[in-house]
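Chains, contacts and geometry: an overview
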Amino acid sequence: MDIGVIGAGYVGLVQAIGLAELGHRVRVAEVDVARRAKLEEGILPIYEAGLEEMFAAAVGAGLISIHADNCEVVSESELSFLCLPTPAGVEGVADIGFVQRVLEELANGVGGRPIVVIKSTIPVGTTARFIRRFGDRLVIAHNPEFLSEGTAVKDFLEPSRIVIGSDDPAVADKIAATYVGMDAPRILTDPTSAELIKYGSNCYLATRLTYVNALANIAESVGADVLDVVRGMGLDPRIGPRFLQPGPGYGGSCFPKDTIALLATARQAGYEFSLLQSVVDADRSQRLWITGNIRRMVDDDLSGANIALWGTAFKAGTDDSRESAAVKIAQSLIAGGAMVTAHDPRASISKLRMAPDPVECARDADIVVVATEWPEYRSVDFAEVAKIMRGDMVYDLRNLLDAAVVRRAGLSYRALGRPRI
Ligand code: UDX
């Protein structure tokens, strides 16, 4: 099939390159001149494991081309995916301005009622509103993405489900046909339900994590081991083992934005979603709880404290620090008077003092705080860390390190939700 992809951001590139991998001819439209130039040279502007190789193969096979004109791409494609950003706007609600402007452009600039499939996460009810406004000139459907950063290629090629929201069964079938050869269950539904599936999934996962974080805080106070607790819980098939790792709170480009957006949708629908509001509040409290613990570890006085922060990315496997709990914790420590030096194997934060490696990061530190679960932190030479630090405390917010290894180096080790020895 000839398929268009509008927007060469994170979602658009995974979608475009993934569709080329399935054998489709894909035209990508991107407005940003610099981004386009990079792509034309064969360089990906984002990092995602495995994507570069797939991009090179698609370019080599002549299955992907880069364009400047949205209307041209859509008019030459059997259907087109809209992969535009929907950043947090007023009061955190997803801003659909980019999507709306491009739909307007396509409605006015392309004849023959082309099929336009919105991939971006848009507030519940948005597709239906767009259909009312542009439906005479565009066939609009919704096909939410469920990509996690770091595993996006696998998530695209082996999806857990393909959700298609369209009021027209023939259009839904056509969209489903683009995912040729994938044996994932297909949910063909109306656009509003498709939107709610996306928000329902992300907000449920955010709720689950926040619940586990609360259990971790209780476990640590009562002397229980949260890792045993979640293992015991996860063996119940109704619960399952995944997405039960406690941490400093959720971050990234989806959960913080999507929880706020669903709250706003509920409010507009006349429903006070107090459960989800508590999740948002408790997630914020998680960072305050951790900052409070760090303050207590330096005798209740952050001024003059040196904190080494290992990891600034919102999770391992990505260079993305958007809404990262690590960065938020760093900011509140700095606001409290501490000096923070950070390290991350991939992400660099201009507003933080960054060290070139984890040992150097620990120079003169009172506490090393492990904020992102990068596997390489496990194999750091802790004898070197002990030598270079001023204090001797390691606070592991991801339960990443081997306690025995850290303690053998003469350091004291504390991990989120685990008994303190
Ligand atoms: C998420 C959804 O998983 C994905 O389906 C959606 O399309 C976009 O949002 P992503 O933001 O890439 O993906 O990250 P994810 O792996 O879901 O992690 C989100 C946050 O939860 C991170 O801050 C991560 O550190 C945290 N997390 C995740 C935990 O603290 N513990 C866990 O067990 C899992």
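Residues numbered from 1 in each chain as written. Predicted model: local features only at pLDDT ≥ 70, side-chain atom pairs only at ≥ 80, totals over all residues. Heavy atoms only, no water.

1. Considerations on the overall build of the protein
The condition that has to hold: Where helices and strands are cited, they refer to DSSP runs of H or I of at least four residues and of E of at least two residues respectively, numbered from the N terminus. Residue contacts follow a heavy-atom distance rule, with two residues in contact if any of their heavy atoms lie within 4.5 Å. For accessible areas, the Shrake-Rupley method is used with a probe of radius 1.4 Å. Any residue's cover is judged against the shown protein chains and nothing else. Note on charges: Lys and Arg go in the positive column, Asp and Glu in the negative column, and His and the chain ends are not counted at all. Here the site of a charge means atom NZ of a Lys, CZ of an Arg, CG of an Asp or CD of a Glu.
Scanning the protein from N- to C-terminus turns up 16 helices and 14 strands. In the protein, once contacts between residues fewer than 6 apart in sequence are set aside, the share between residues at least 24 apart is 70%. Accessible surface for the protein amounts to roughly 18300 Å². Of this, 53% is attributable to carbon and sulfur atoms. Across the protein, 43 positive and 54 negative side-chain charges occur, with their mean positions spaced 3 Å apart.

2. So, the side chain of threonine 178
Stated precisely, the cut-off is as follows: To sort residues, take the accessible area from a 1.4 Å probe on protein chains only and compare it with the maximum for the residue type: under 20% means buried, over 50% means exposed, and anything in between is partly exposed.
In this structure, threonine 178 sits in helix H8 (residues 169-178). The class for threonine 178 is buried, based on a relative accessible area of 0%. With sequence-adjacent residues up to four places away left out, threonine 178 is seen in contact with Met1, Ile3, Leu19, Leu22, His24, Leu79 and Phe81.

3. Considerations on the site of the ligand
The condition that has to hold: Whether a residue is near a molecule or strand depends on its heavy atoms: it is near if one of them lies within 4 Å of it. By the criterion applied in these results, polar contacts are pairs of N or O atoms within 3.5 Å in which, for protein atoms, one can donate a hydrogen and the other can accept it, and in which residues neighboring in sequence qualify only through two side-chain atoms.
Neighbouring the ligand are 18 residues; Glu149, Gln245, Gly251, Cys254 and Lys315 lie closest to it. The separation between an oxygen atom of the ligand and a polar side-chain atom of glutamate 145 is 3.5 Å. A distance of 2.7 Å separates an oxygen atom of the ligand from a polar atom in the backbone of glutamate 149. Considering the ligand on its own, with 670 Å² of exposed area, one finds that the protein chains cover 90% of that surface. With three residues, the top contributor of residues to the shell around the ligand is helix H9 (residues 191-222).

4. Description of unusual backbone geometry
Not every positive phi belongs to a glycine, and arginine 113 is a case in point at roughly 45 degrees. Residue placement: arginine 113 occurs in the loop between helix H5 (97-109) and strand S5 (115-118). The residue glutamate 323 is not glycine, and still its phi comes out positive at about 55 degrees. Its place among the elements puts glutamate 323 in the loop between strand S9 (306-310) and helix H13 (325-335). A relative accessible area of 39% means that glutamate 323 is categorised as partly exposed.

5. Brief notes about the packing of H9 against helix H10 (residues 226-234)
Applicable threshold: Between the N-to-C directions of two axes lies an angle of 0 to 180 degrees, each axis being a line fitted to C-alpha atoms and, for a helix, fitted only over the stretch in contact. Note that the term roughly parallel is reserved for angles under 35 degrees, roughly antiparallel for angles over 145, roughly perpendicular for angles of 65 to 115, and oblique for everything else. Crossing handedness is defined as follows: a turn of the near helix away from the far one that is anticlockwise and smaller than a right angle gives a left-handed crossing, while the clockwise case is right-handed. Only Asp, Glu, Lys and Arg are considered charged in this grouping, and only Ala, Val, Leu, Ile, Met, Phe, Trp, Tyr, Cys and Pro are considered nonpolar; every other residue, Gly among them, is considered polar.
Their axes nearest at 9 Å, the elements H9 and H10 cross at an angle of 135 degrees. The orientation of H9 with respect to H10, classified from their angle, is oblique. Two packed elements cross with a definite hand, and for H9 against H10 that hand is right-handed. Residues Tyr211, Val212, Leu215, Ala216 and Ala219 of H9 form the contact with H10, whose participating residues are Val226, Val229, Val230 and Met233. Partitioned by chemical class, the residues of the contact of H9 with H10 number nine nonpolar, no polar and no charged.

6. A short note on the pairing of strand S7 (residues 162-165)
The cut-off we apply is this: By the convention used here, strands pair only if DSSP detects at least 2 bridges between them. We call a crossover right-handed when, viewed with both strands directed away from the observer, the connection leading from the first strand over the helix to the second proceeds clockwise.
A two-sided burial pattern is seen for S7, the buried positions comprising Ile162 and Ile164 on one face and Val163 and Gly165 on the other. By the bridge criterion, four bridges tie S7 to strand S8 (residues 186-189) in an arrangement that is parallel. Paired with isoleucine 164 across the two strands is leucine 188, which belongs to S8. As a crossover connection, the stretch from S7 through H8 into S8 is right-handed.

7. Concerning the nonpolar core
Our working rule: By convention a nonpolar core is built from buried Ala, Val, Leu, Ile, Met, Phe, Trp, Tyr and Cys residues, the set being connected through side-chain atoms within 4.5 Å.
Formed by 43 residues in total, the largest nonpolar core has its most connected members in Ile17, Val26, Ile64, Phe81 and Ile175. Sequence-distant contacts of phenylalanine 81, defined by excluding residues within four places in its chain, comprise Ile3, Gly4, Val5, Ile6, Gln15, Leu19, Val117, Lys119, Asn143, Ile175, Thr178 and Tyr179.

8. Remarks on the pattern of salt bridges
Worth spelling out the cut-off: Salt-bridge detection follows one rule: a side-chain nitrogen of Lys or Arg within 4 Å of a carboxyl oxygen of Asp or Glu.
Counted by the stated rule, this structure contains 22 salt bridges. Arginine 390 is paired through a salt bridge with aspartate 366; the nearest N and O atoms lie 2.8 Å apart. A residue pair is termed long-range when its members are at least 10 positions apart, and arginine 390 in the loop between helix H15 (382-388) and strand S13 (393-396) and aspartate 366 in the loop between helix H14 (358-361) and strand S12 (367-370) qualify at 24 residues. Judged by its relative accessible area of 14%, aspartate 366 is buried. Within this structure, Asp2, Arg25, Arg27 and Glu76 form a network of salt bridges that share partners.

9. A word on the packing of helix H12 (residues 274-297) against H13
Remark: H12 packs on H13, axes separated minimally by 10 Å, with the N-to-C direction vectors making an angle of 50 degrees. Accordingly, the angle class assigned to the pair H12 and H13 is oblique. At the point where H12 passes H13, the crossing takes the right-handed sense. Between H12, through Arg287, Ile290, Thr291 and Ile294, and H13, the contact on the second element is made entirely by Ala325, Lys328, Ile329, Ser332 and Leu333. When grouped by side-chain class, the residues that make up the contact of H12 with H13 number five nonpolar, two polar and two charged.

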